[in-house]
Amino acid sequence: MRNQPRQQYPVLNQFASDNYSGICPEAWEAMAQVNQGYANSYGDDRWTAQACDLLRDFFETECQVFFVFNGTAANSLALSSLCRSYHSFICHEMAHVETDECGAAEFFSNGTKILLVPGELGKVDLEAVEHTVKRRSDIHYPKPKALSITQATELGTVYSADEVQAVGQLCKRMDLKLHMDGARFANALASLEVTPKELTWQAGVDVLTFGGTKNGMAVGEAVVFFDKDLANEFDYRCKQSGQLASKMRFLSAPWIGMLKDMLRHAAHANRSARLLEQQLRAIPGVSIMHPCEVNGVFVEMPQTIIDALFERGWYFYTFIGSGHARFMCSWATTEADIDALVGDIRKIVSDKA
Ligand SMILES: *Cc1c(COP(=O)(O)O)cnc(C)c1O
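As the structure is a prediction and not an experimental result, all values here were calculated from the model.

Criteria and thresholds
- Residues numbered from 1 in each chain as written.
- Predicted model: local features only at pLDDT ≥ 70, side-chain atom pairs only at ≥ 80, totals over all residues.
- Heavy atoms only, no water.
- Helix = DSSP H or I, 4+ residues; strand = E, 2+ residues; numbered from the N terminus.
- Buried < 20%, exposed > 50% of the residue type's maximum accessible area, 1.4 Å probe, protein only.
- Expected span 1.5 Å × (residues − 1).
- Bend = angle between axes of the 7 residues up to and from the residue.
- Domains from an automatic or database assignment.
- Buried area = accessible area lost by both parts, 1.4 Å probe.
- 1 Å grid on protein atoms, 1.4 Å probe; cavity = no way out; pocket = protein on both sides within 12 Å on 5 of 7 lines; lining within 4 Å.
- Points joined across faces, edges and corners; volume = space filled by probe spheres on them.
- Nonpolar A, V, L, I, M, F, W, Y, C, P; charged D, E, K, R; others polar.
- Salt bridge = Lys/Arg side-chain N within 4 Å of Asp/Glu carboxyl O.

To continue, consider unusual backbone geometry. The amide bond that connects Gln-151 to the next residue, Ala-152, takes the cis arrangement and shows omega of -5°. Take Ala-152: it is sitting in the loop between β4 (143-150) and α7 (161-174). Phi is positive for Glu-60, close to 55°, though the residue is something other than glycine. Relative to the elements of secondary structure, Glu-60 occurs in the loop between α2 (46-59) and β1 (64-68). Residue classification places Glu-60 among the partly exposed positions, given a relative accessible area of 44%.

Okay, structure coming up:
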């Protein structure tokens, strides 16, 4: 992978990303169940209809749902349905849509500009958002049309229900549409223990990218429009961008199998990260950088330890968000995996002492 030394030998589970994990049993089983006989293609099948209904039940509202292959497509197609080419949307300077999607949002919207704002703990600073909207109103400035927030954030923190509400109110006041990148929405939900609706449409979210992949599916994210007018012709956008799966049932069925277990898997990933955090805190020279609110632990430690871990075959990223070492847990992380990583760090530290 990018900037990482090649893995020398197989080790236990890795902590580079929650997408290193396999497919969880419920998603696998759901795919097996629809792998019988024939079904209508391009989403015109009963499982896709059922998955959409279950998502409507989940959010307790009549939302419009589309399934696409990955998060980059989900985010950028959602944003391109909120903005025209001469508009702009605002997001945090560390947002995935800005730093990790290779310009897809600008590409799919034919040039919508991204305006960046700072903010503590990966969350947008509301005053900076307001300033960004108000600082210009002339024809020469790309008109701000939407705000995109990430829940859970790129730094492993969450917006509380009240914080999302405050974001939503600002958007109403500033006439911005609100997009939520929920690649780890399930982790945020499990962490906050509130209802899905409180974190989304009741707080003013217009469209949510709901991640399946990082939570145990093989592939697929749901784009959920709470403002149904915004979903107008979204099916054409999906098709044109190569995101309309012809065997759609294999993207949609896992949602049927998983929705009820999603929070359990996410809660497991979150608990694993907290366990890892607790153990890391006890190691001299290792500091935890951000509150560990979902399934990632951000760590500052000497480069010598980082290099020694890479040499031992561990994979983790050091370029995400704040640029600290990031350890992600998933539905599949075990205590043995955590013990193995922590044991290696302890050994490296004591060898160097
Ligand atoms: C992983 C991730 C995505 C989706 O990425 P893809 O690799 O395109 O599926 C989107 N947003 C955030 C915050 C992510 O972590």
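Turning our eyes to something else, we now look at helix α10 (residues 249-281). In a regular helix each residue adds 1.5 Å, so 33 residues correspond to 48 Å; α10 covers 44 Å between its end C-alpha atoms and thus fits that length. Of all the bends in α10, the largest measures some 65° and sits at Met-258.

This part takes up the domain arrangement of the chain. Domains assigned within the chain are domain 1 (13-22 + 262-352) and domain 2 (25-260). One C-alpha centre belongs to domain 1, the other to domain 2; they are set 27 Å apart. Summed over both partners, the interface of domain 1 with domain 2 buries about 2100 Å², with 60% contributed by carbon and sulfur atoms. Contact with domain 2 buries surface across domain 1, with Met-262, Glu-293 and Val-294 losing the most and accounting together for 32% of the total.

There is about 590 Å³ of room inside the largest pocket. For the largest pocket, the lining is made up of 29 residues, of which Ser-17, Asn-19, Thr-72, His-96 and Lys-214 are closest to its centre. Tallying contributions element by element places helix α3 (residues 71-82) first for the lining of the largest pocket, with 3 residues. Here the residues of the lining of the largest pocket sort into 8 nonpolar, 12 polar and 9 charged. Counting contributing residues per domain, the lining of the largest pocket is built from domain 1 (13-22 + 262-352) and domain 2 (25-260), each supplying no fewer than three.

Further remarks concern the pattern of salt bridges. Inspection of every chain in the model, using the stated rule, returns 14 salt bridges. Between Asp-18 and Arg-184 there is a salt bridge whose closest N-O contact spans 2.7 Å. Of this pair, Asp-18 sits in the segment before α1 (25-34) while Arg-184 sits in the loop between β5 (177-182) and α8 (185-192), and the two are 166 residues apart along the sequence. Accessibility assignment for this pair places Asp-18 and Arg-184 in one class, buried. A salt bridge links Asp-261 to Lys-260; the shortest N-O distance between them is 3.8 Å. Its relative accessible area of 13% is what places Asp-261 among the buried residues. Several salt bridges converge on common partners, so that one network encompasses Glu-26, Lys-260, Asp-261 and Arg-264.

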